[in-house]
Amino acid sequence: MSPKVSILVPIYKVPERFLRRCIESTLKQTLRDIEIVLVDDGSPDQCGEICDEYASSDSRIKVIHKANAGLAAARNSAFDACIGEYITFLDGDDYLESTACEKAYETALKEDVQLLFWNQFTEYPNRTVRVTSFGSEAIKFNKTECRKLQARVLDFNGKIAQVFCKLIKRDFLIEHNIRHVETLSQGAEGFVFNIQLFEHLESAYYTPEYLLHYTYNENSISHSPDERNYYLVIRCFEYVENFIKSSDNKDELQKKLYNRMLYVVVTTGITGYFNPTNEMKYKERKKGYMKFLQEPLVSKSLNVADYKELSVQRKIILKCIQYRQFWVLQVLGKVRRIQLKI
């Protein structure tokens, strides 16, 4: 008999204290009928041994050791190995509330939906922030409304573009062959997965519960200066641009896509090239960012996006970028770094 929920955990260079907390949060679930699939994505540290240690004491844990191939491939490996009725993704440095699986599964079953999603706590070094996508009231979505959710994936303030904080019916994913695109190993792979997910979704339910703790780790790939990752983000959005050409939701999605790219431009400047931790010299940062701005999708977005939907602050930042006043990004990078440590 299949377990009710499969928890899929890709793991690569996760600090031991975070990884143990993550795994232990799955073992403490009040819903006992679960399986936990841990994928050691060729991590060069002790992650694989830690996974094996826990697996030796709990038969619900499966461990997959594989050569490093990136986050998308690791999630696919976990999915291929799981047999649960529903699945949920969990990153190795995050953790679940003890009642997460029980509450999510019971609600998904009661509402008879293909997808259930919830809110998160974001754990910064010195504070916890509640992050919600739809507020304090539960909402059920039909097929038409799920298409609106698809556009919301591309909304910077939509808060539903991540693959975690979701419980998804496994048979639904298999039926529509919805998987992570392995060539898009990192960057904005969650956007790609969710655009595909909501393209076929006919029923969804939002619960205002806070069931997951997202750990802000300034040393993680997504928060560290990494020029390769900047371009992987663009490749992800290029994939989405091509995907939505055949969607009957094309017009709304294209508009959202180009506007979302403006946020990518700003973020890549402030937390990427001009991040205080970036060891490149200022001249090299400027040269690298100028090259980034010349990418076809970036250039197109800067020209066709609807700036009216942006905040005044972002309009000013983009104007500074237009006039090559990159020192402003460097100042903002320092300010953001200080804010995250407060």
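In this report, we go over the structure that sits alongside the text. Note that the coordinates shown come from a computational prediction; the quantities given were computed from them, not determined experimentally. (Residues numbered from 1 in each chain as written. Predicted model: local features only at pLDDT ≥ 70, side-chain atom pairs only at ≥ 80, totals over all residues. Heavy atoms only, no water.)

1. A closer look at the nonpolar core
In step 1: Counting residues in each nonpolar core, the largest one holds 68 residues, and the members touching the most others are Leu173, Leu197, Phe237, Tyr289, Phe292 and Ile321.
In step 2: When residues in this core are grouped by element, the largest group, eleven residues, is from helix α9 (residues 250-273).
In step 3: Those residues within four positions of leucine 173 in sequence are excluded, and the remaining contacts are Phe79, Ile87, Ile168, Ile178, Phe193 and Leu197. (Core = buried A, V, L, I, M, F, W, Y, C linked by side-chain atoms within 4.5 Å. Buried < 20%, exposed > 50% of the residue type's maximum accessible area, 1.4 Å probe, protein only. Helix = DSSP H or I, 4+ residues; strand = E, 2+ residues; numbered from the N terminus. Contact = heavy atoms within 4.5 Å.)

2. Let's talk about the pairing of strand β2 (residues 34-41)
In step 1: Of all the eight residues making up β2, eight are buried; the element is thus mostly covered by neighbouring parts of the structure.
In step 2: Going residue by residue along β2, you find Ile34, Ile36, Leu38 and Asp40 tucked away on one face and Glu35, Val37, Val39 and Asp41 tucked away on the opposite face as well.
In step 3: Crossover strand β1 (residues 5-11) to β2 through helix α1 (residues 16-27) is right-handed.
In step 4: Sheet analysis places β2 next to strand β3 (residues 61-66), joined by six bridges and oriented parallel. Directly across from valine 39, in β3, lies its bridge partner isoleucine 64. (Right-handed = clockwise from strand over helix to strand, strands pointing away. Pairing = 2+ DSSP bridges.)

3. Here's the deal with the packing of α9 against helix α11 (residues 296-304)
In step 1: Running from N to C, α9 and α11 cross one another at 115°; their axes reach a closest spacing of 9 Å. Judged by the inter-axis angle, α9 sits roughly perpendicular to α11. Handedness of the crossing formed by α9 with α11: left-handed. Here Tyr258, Met261, Leu262 and Val265 of α9 come into contact with α11, specifically with Leu297, Val298, Lys300, Ser301, Leu302 and Val304.
In step 2: When the residues that make up the contact of α9 with α11 are grouped by side-chain class, the tally is eight nonpolar, one polar and one charged. (Axes fitted to C-alpha atoms, helices over the stretch in contact; angles between N-to-C directions. Parallel < 35°, antiparallel > 145°, perpendicular 65-115°, else oblique. Left-handed = near helix turned anticlockwise from the far one by under 90°. Nonpolar A, V, L, I, M, F, W, Y, C, P; charged D, E, K, R; others polar.)

4. A word on unusual backbone geometry
In step 1: At aspartate 112, a residue that is not glycine, the phi angle is positive and equals roughly 55°.
In step 2: By the element assignment, aspartate 112 lies in the loop between α4 (100-111) and β6 (115-124).
In step 3: In this structure aspartate 112 comes out as exposed when scored by relative accessible area, which is 57%.
In step 4: One non-glycine residue, cysteine 165, lies in positive phi territory at about 65°.
In step 5: In this structure, cysteine 165 sits in the loop between α5 (143-152) and β9 (166-169).

5. Digging into helix α12 (residues 312-322)
In step 1: All of the buried residues in α12 are Ile317, Leu318, Cys320 and Ile321. For α12, the arc enclosing every buried residue in end-on projection is 155°, short of the 170-degree limit, so these residues lie on one face.
In step 2: Positive backbone phi, approximately 60°, marks arginine 324, located one or two places after α12. (Arc of directions from axis to C-beta.)

6. Quick word on a nonpolar patch on the surface
In step 1: On the surface, Tyr282, Trp327, Val331 and Val335 cluster together into a nonpolar patch covering about 370 Å² of accessible area.
In step 2: The greatest single-element share of the nonpolar patch, amounting to three residues, is contributed by helix α13 (residues 327-341). (Patch = residues over 30% accessible without salt bridge, like charges linked within 9 Å, V, L, I, M, F, W, Y side chains within 5 Å. Areas by Shrake-Rupley, 256 points an atom, 1.4 Å probe, with all protein chains shown as cover. Salt bridge = Lys/Arg side-chain N within 4 Å of Asp/Glu carboxyl O.)

7. Quick notes on the packing of aromatic side chains
In step 1: Summed over the entire model, instances satisfying the criterion amount to 21 aromatic pairs.
In step 2: Pairing tyrosine 289 with phenylalanine 292 gives two aromatic rings, centres 6.1 Å apart and planes at 10°, and the pair type is stacked. Taken as a pair, tyrosine 289 and phenylalanine 292 lie in helix α10 (residues 282-293) at a separation of three residues, close to a single helical turn. Pair check on accessibility: tyrosine 289 and phenylalanine 292 agree, each one buried.
In step 3: Ring geometry for tyrosine 289 versus phenylalanine 326: centroids 5.3 Å apart, planes at 75°, classification edge-to-face. Note that tyrosine 289 is positioned in helix α10 and phenylalanine 326 in the loop between α12 and α13, a separation of 37 residues in sequence.
In step 4: Feature note: the residues Tyr230, Tyr231, Tyr273, Phe274, Tyr282, Tyr289, Phe292 and Phe326 constitute an aromatic cluster, connected by ring pairs.
In step 5: Sitting over the ring of phenylalanine 89, arginine 75 keeps its end group 5.9 Å from the ring centre.
In step 6: The cationic tip of arginine 152 hangs over the ring face of phenylalanine 134; the distance from NZ or CZ to the ring centre is 3.9 Å. (Phe/Tyr/Trp six-rings, centres within 6.5 Å; stacked < 30°, edge-to-face > 60°. Lys NZ or Arg CZ within 6 Å of the ring centre and 35° of its normal.)

8. Observations regarding helix α8 (residues 227-243)
In step 1: Helix length check: α8, at 17 residues, gives a terminal C-alpha distance of 25 Å against a target of 24 Å (1.5 Å per residue), a fit within 8%.
In step 2: Restricting attention to buried positions, one finds in α8 the residues Asn229, Tyr230, Tyr231, Leu232, Val233, Ile234, Cys236, Phe237, Val240 and Glu241.
In step 3: Of the surrounding secondary structure, the elements contacted by the buried residues of α8 are α7 (189-200), α9, α10 and α11.
In step 4: Two or three places before arginine 228, at the start of α8, stands the capping residue aspartate 226, its side-chain oxygen 3.1 Å from that residue's backbone nitrogen. (Expected span 1.5 Å × (residues − 1). Polar contact = N/O pair within 3.5 Å; in protein donor to acceptor, adjacent residues only side chain to side chain.)

9. Notes on the environment of arginine 21
In step 1: Mapped onto the fold, arginine 21 is located in helix α1.
In step 2: Residue class for arginine 21 comes out partly exposed when judged on its relative accessible area of 29%.
In step 3: Here the alpha-carbon distance between arginine 21 and isoleucine 160, two residues 139 residues apart in the chain, equals 24 Å.
In step 4: Here arginine 21 is in contact with Asp93, Tyr95 and Thr215, once residues within four sequence places are set aside.
In step 5: Within the structure, arginine 21 has its side chain in polar contact with the backbone oxygen of aspartate 93 (distance 3.5 Å).

10. Points about the pattern of salt bridges
In step 1: This model, assessed by the stated rule, comprises 16 salt bridges.
In step 2: For glutamate 35, the salt bridge goes to lysine 62, with nearest N and O atoms at 3.1 Å. Of this pair, glutamate 35 sits in strand β2 while lysine 62 is found in strand β3, placing the two residues 27 residues apart along the sequence.
In step 3: The exposure class of lysine 62 is partly exposed, given its relative accessible area of 30%.
In step 4: Glutamate 238 is paired through a salt bridge with arginine 235; the nearest N and O atoms lie 2.7 Å apart. With glutamate 238 and arginine 235 both in helix α8 and three residues apart, the pair spans about one turn of that helix.
In step 5: When salt bridges with common partners are traced through the structure, they connect Glu16, Arg20 and Glu53 into a single cluster.

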